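# Structural overview for review
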Amino acid sequence: MDLYLLHQPYGDTAGAWKALEEAVRAGKIKSVGISNHTVKFMKKLIPQMEIMPVVNQMECNPFFQQKELREYLKQYGIRMEAWYPLGHANKKLLTEKRLVQIGEKYGKSVAQVILRWHLQEGIIALPKATSLEHIRDNFNIFDFALDDEDMSIIRSMDTGKGTHNPDNMANAVTLSMYKIH
Ligand SMILES: NC(=O)c1ccc[n+]([C@@H]2O[C@H](COP(=O)([O-])OP(=O)(O)OC[C@H]3O[C@@H](n4cnc5c(N)ncnc54)[C@H](OP(=O)(O)O)[C@@H]3O)[C@@H](O)[C@H]2O)c1
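A brief report on the enclosed structure follows. Because the structure is predicted, anything quoted here is derived from the model rather than measured.

### Focus: the sheet that holds strand β3 (residues 55-59)
Pairing in this open sheet of five strands is parallel, and the strands run β1-β2-β3-β4-β5 from one edge to the other. The open sheet terminates on both sides in strands that have one partner only, identified here as β1 (3-6) and β5 (124-125). Sheet analysis places strand β2 (residues 31-35) next to β3, joined by two bridges and oriented parallel. The partner of I34 across the bridge, within β3, is N56. Across the sheet, helix α1 (residues 13-25) lies against β1 and β2, angled at about 170° from β1, the strand it touches most.

Put into structure tokens, the structure is as follows:
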């Protein structure tokens with residue numbers, strides 16, 4: 001397997017990470033990563049890690065830019081990977097006036113502007129699309145570059161809030177009720 005992620009920061013994560021490290025050493029997995037691990041959880045887990053995660057997959061888009069976490073990840077050379085990079089098609093995001101204007105300037109859609117912003121920020125975006133048109137659009141972001149002013153405008157859109165706060169331990173209870181069949 002190329003990449004295996006530890007999905008949530010709950011339960012015996014140190015034990016789960018040890019098992020993943022064994023799988024890497026056994027040649028079953030090439031790289032390991034984490035997901036939904038905020039700075040709070042990473043501070044506890046990192047001292048127990050022998051193999052560093054290559055990515056932390058977190059909710060991230062122009063409305064929720066994860067600035068503190070991204071700074072923290074830099075120290076360890078861990079790449080930020082964005083889930084909900086298009087805000088799960090949040091209408092407010094995909095019709096945001098300034099993003100529409102930036103898109104018009106480059107002849108690109110708002111989704112393409114957002115994915116290009118991720119790319120230029122060094123974030124690996126993980127968009128999902130079922131429509132062929134969207135899939136094509138999402139690949140078509142390598143023939144333009146946002147200028148510094150546009151990057152600053154998008155950086156100013158951060159609200160610091162997303163849809164999922166892993167630090168809220170009520171999530172641990174909810175997620176522990178899922179059963180694997
Ligand atoms: N690690 C985690 O805890 C976690 C949590 C949530 C999600 N994820 C993963 O993150 C990935 C992305 O999540 P997501 O799909 O919910 O969010 P997303 O990629 O932000 O949004 C997907 C939505 O955006 C639409 N879309 C895609 N490309 C578009 C474009 N060019 N223009 C306009 N709309 C576009 C899609 O529509 P169409 O389908 O109609 O094309 C779909 O409704 C998934 O692989 C998911 O499994 C991980």
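### Regarding the nonpolar core
Ranked by internal contacts, the top residues of the largest apolar core, which has 23 residues, are C60, M80, A82, V113 and I114. Those elements that place two or more of their residues in this core are β4 (79-83), α5 (97-106) and α6 (110-121). Ranked by residues supplied to this core, first place goes to α6 with six residues. Among all residues touching C60, those that are not within four sequence positions of it are Q65, Q66, M80, A82, P85 and I123. Judged by nonpolar contacts, the second largest core, of five residues, contains W17, L20, V32 and I34.

Reading guide: rules and limits
Numbering of residues begins from 1 in every chain and follows the order in which that chain's sequence is written. Confidence filtering applies because this is a predicted model: local features only for residues at pLDDT of at least 70, side-chain atom pairs given and counted only at 80 or more, and all residues used for totals across whole chains, interfaces and linings. A pair of strands is labelled paired if DSSP reports no fewer than 2 bridges between them. A run of H or I in DSSP becomes a helix once it reaches four residues, and a run of E becomes a strand once it reaches two; helices and strands are each numbered from the N terminus. Each residue gets a C-beta atom placed from its backbone, and two residues are in contact if those atoms lie within 7 Å. Orientation is described by lines fitted to C-alpha atoms, with helices fitted over the stretch in contact, and by angles between N-to-C directions that extend from 0 to 180 degrees. A set of buried Ala, Val, Leu, Ile, Met, Phe, Trp, Tyr and Cys residues, joined to one another through C-beta atoms within 7 Å, is what we call a nonpolar core. Note on burial: count the other C-beta atoms lying within 10 Å of the residue's C-beta; 20 or more is buried, 12 or fewer is exposed, in between is partly exposed, and C-beta positions come from the backbone.

In short, the description is geometric, and any link to function would need to be established separately.
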